[in-house]
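Observations on the model geometry
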Amino acid sequence: MSIAWRDAMSRALYGPGGFFVADTGPADHFRTSVHASPAFATALLRLVTEVDAALGHPSRLDVVDVGAGRGELLQSLLGLVASAPAVGVAVGVSGEPTRSGRSGLIPARAGSPETLTPTASVHRSPDEPSSVAPRTSLAERIRFTAVEYADRPENLPEEINWTAEIPDRITGVLLATEWLDNVPLDVAAHTEDGWRYLLVDPKSGAESVGELVSPDDLDWLTTWWPGPETPHSNHGRAEIGRTRDEAWADAVRKISRGLAVAVDYGHLRESRPVNGTLTGYRGGRQVPPVPDGSSDVTAHVAMDSVASAGAAVARCAYSLVLQREALRALGADGGRPPLSLAGTDPVGYVRALAAASAVAELTDPAGLGGHWWLRQPVGIPLGPAVAR
């Protein structure tokens, strides 16, 4: 029996025995930026520290990962926060303190959160009373929450909270790394009498044409997915992103103050794919999108539409850039270390070269570097790394 793609995706991905709730999780089937390199988590930690500063170093700083898989990103962030000094040292792409030279990481800007003077080193007269209480370290204030429908992994550190719903009143950072592309959506085909829903047989993946789309979905298509030039042509299909807009708006609405970050493959209105992007992944290979629960079913995100929905809730300007630009603004540039380092510090050279290679994968425009970064502040200004 054929059903709407939105219903088929929901069952296949999140229903009983669904792809994202069964077995060991998506990491066994496809590679994301989180799995590719620790440089990704390191860059995100820099963003977290900038948001922390913009918030005035609150007593509790939330970091919420929506669509957390099995908690891989938050475990990386937890390790970085636990191993880094409390204040004043930037963490490089390999997890080592930043050194001079190009080791895949741009040196911290003067006056940035990474170059703050540690409290203990501030010069003060012995008789001068301290007017500022010592700042509590980030490790003591940060609270990690993973949002995922799967059961909590057995070996997940207790410092990471696990929940099926996005918590309310977030003060800090909400991360959504390759979440929106798995938010179920409807698919439509343009026929002689207009846009009609496509139905799918969950067992075979075979499609058929259904009813005309609803007025709300037609409004979305008219605004965000331009149809064929001639109104009666039988050409093209579209992935209706209204459900993604609503999911992102709801996520942004959960933030009291802070920053929401979505990282995903996507496209913009002027370059929508004529035949859509719906596909599947299983065992590290791209496969036909059969929504039977045995594989990932995903479609690229209409990033400009999602951004507009988030901005309407936050009432703040957003930033939308490619991952290559976003990571460079946060310090990761993939530059090779100077060859002279090989003579003075061979081990350091090899480490820096490996780190640079990892960043190069993250910034490759033909791969993970083709991701879009949507950054939506709520109640805080766009910071230096956010504004670029």
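Here the structure is a predicted model, which is why all the values come from computation and not from measurement.

**A look at the overall build of the protein chain**
- Tallying secondary structure elements over the protein chain gives 12 helices and 17 strands in all.
- Put simply, the protein chain has 388 residues, and 50% of those count as buried.
- Contacts in the protein chain between residues far apart in sequence, at least 24 positions, make up 74% of those at least 6 positions apart.

**A closer look at the packing of aromatic side chains**
- The final tally for this structure, using the stated rule, is 4 aromatic pairs.
- On the basis of an interplanar angle of 70° and a centroid distance of 5.4 Å, the ring pair of Y14 and Y149 is categorised as edge-to-face. Of the two residues, Y14 is situated in helix 1 (residues 5–14) and Y149 in the loop between strand 3 (142–147) and strand 4 (160–163); the sequence distance between them amounts to 135 residues.
- Exposure remark for Y149: the relative accessible area of 48% places this residue in the partly exposed category.
- For the ring pair F19 and F20, a centre distance of 5.1 Å and an interplane angle of 85° mean the geometry is edge-to-face.

**A few points about helix 6 (residues 215–224)**
- By the burial criterion, the buried members of helix 6 are D217, W220, L221 and W224. Along the long axis of helix 6, the arc covered by the buried residues comes to 95°, so they all point the same way. The outward face of helix 6, more than 90 degrees from its buried face, is lined by the exposed residues P215, D219 and T222.
- Tucked inside the fold, the buried residues of helix 6 contact strand 6 (186–191), strand 7 (194–200), strand 9 (237–240), helix 7 (242–253), strand 15 (301–302) and helix 8 (303–314).

**Notes on the nonpolar core**
- With 38 residues, the main nonpolar core has L77, F144 and W373 as its most contacted residues.
- Looking at this core, the elements with two or more residues in it are helix 3 (38–54), strand 2 (61–66), helix 4 (72–83), strand 3, strand 4, strand 5 (170–177), strand 10 (255–264) and helix 9 (323–329).
- Element by element, the count of residues in this core is highest for helix 3, at 8 residues.
- Core analysis: the next-biggest nonpolar cluster, separate from the first, contains 26 residues, A176, A314, L374 and V378 among them.

**Side note on the side chain of Q323**
- With respect to the helices and strands, Q323 occurs in helix 9.
- Using a relative accessible area of 0% as the deciding quantity, one classes Q323 as buried.

**Remarks on the side chain of D264**
- Examined against the element boundaries, D264 turns out to sit in strand 10.
- The buried charged residue D264 lacks any salt bridge, with R244 as its nearest oppositely charged partner at 7.2 Å.
- Polar contacts involving the side chain of D264 include one to the main-chain amide nitrogen of L180, which spans 3.2 Å.
- Look past the residues within four positions of D264 in its chain and what remains in contact with it is E178, W179, L180, D181, V301, M303, H371 and W372.

**Observations regarding the sheet that holds strand 13 (residues 285–287)**
- The strand order across the open sheet formed by 3 strands is 13-12-14, and the pairing between neighbours is antiparallel. The open sheet has two edge strands with one neighbour each: strand 13 and strand 14 (296–298). Ignoring strand direction, the axes of neighbouring strands in this sheet form an average angle of 35°.

**A word on the sheet that holds strand 2**
- An order of 4-3-2-5-10-17-16 is seen for the 7 strands of this open sheet, with the pairing classed as mixed. Each edge of the sheet is formed by a strand with only one pairing partner; in this case those strands are strand 4 and strand 16 (319–322). Adjacent strand axes in the sheet meet at a mean angle of 20° when their direction is disregarded.
- Pairing geometry for strand 2 and strand 5, over 4 bridges, is parallel. If you follow V64 over to strand 5, its bridge partner there is L174.

**Let's talk about unusual backbone geometry**
- Located in the positive-phi region is H57, a residue other than glycine, with phi close to 55°.
- Mapped onto the elements of the fold, H57 is located in the loop between helix 3 and strand 2.
- Look at H57 and you get partly exposed, because its relative accessible area is 24%.
- Residues other than glycine seldom take positive phi values, yet E178 does so here, at roughly 50°.
- Here E178 lies in the loop between strand 5 and strand 6.
- Judged by relative accessible area, E178 falls into the buried class, the value being 13%.

Thresholds applied
Residues numbered from 1 in each chain as written. Predicted model: local features only at pLDDT ≥ 70, side-chain atom pairs only at ≥ 80, totals over all residues. Heavy atoms only, no water. Helix = DSSP H or I, 4+ residues; strand = E, 2+ residues; numbered from the N terminus. Buried < 20%, exposed > 50% of the residue type's maximum accessible area, 1.4 Å probe, protein only. Contact = heavy atoms within 4.5 Å. Phe/Tyr/Trp six-rings, centres within 6.5 Å; stacked < 30°, edge-to-face > 60°. Arc of directions from axis to C-beta. Core = buried A, V, L, I, M, F, W, Y, C linked by side-chain atoms within 4.5 Å. Lys, Arg positive; Asp, Glu negative; His and termini not counted. Salt bridge = Lys/Arg side-chain N within 4 Å of Asp/Glu carboxyl O. Polar contact = N/O pair within 3.5 Å; in protein donor to acceptor, adjacent residues only side chain to side chain. Pairing = 2+ DSSP bridges. Axes fitted to C-alpha atoms, helices over the stretch in contact; angles between N-to-C directions.

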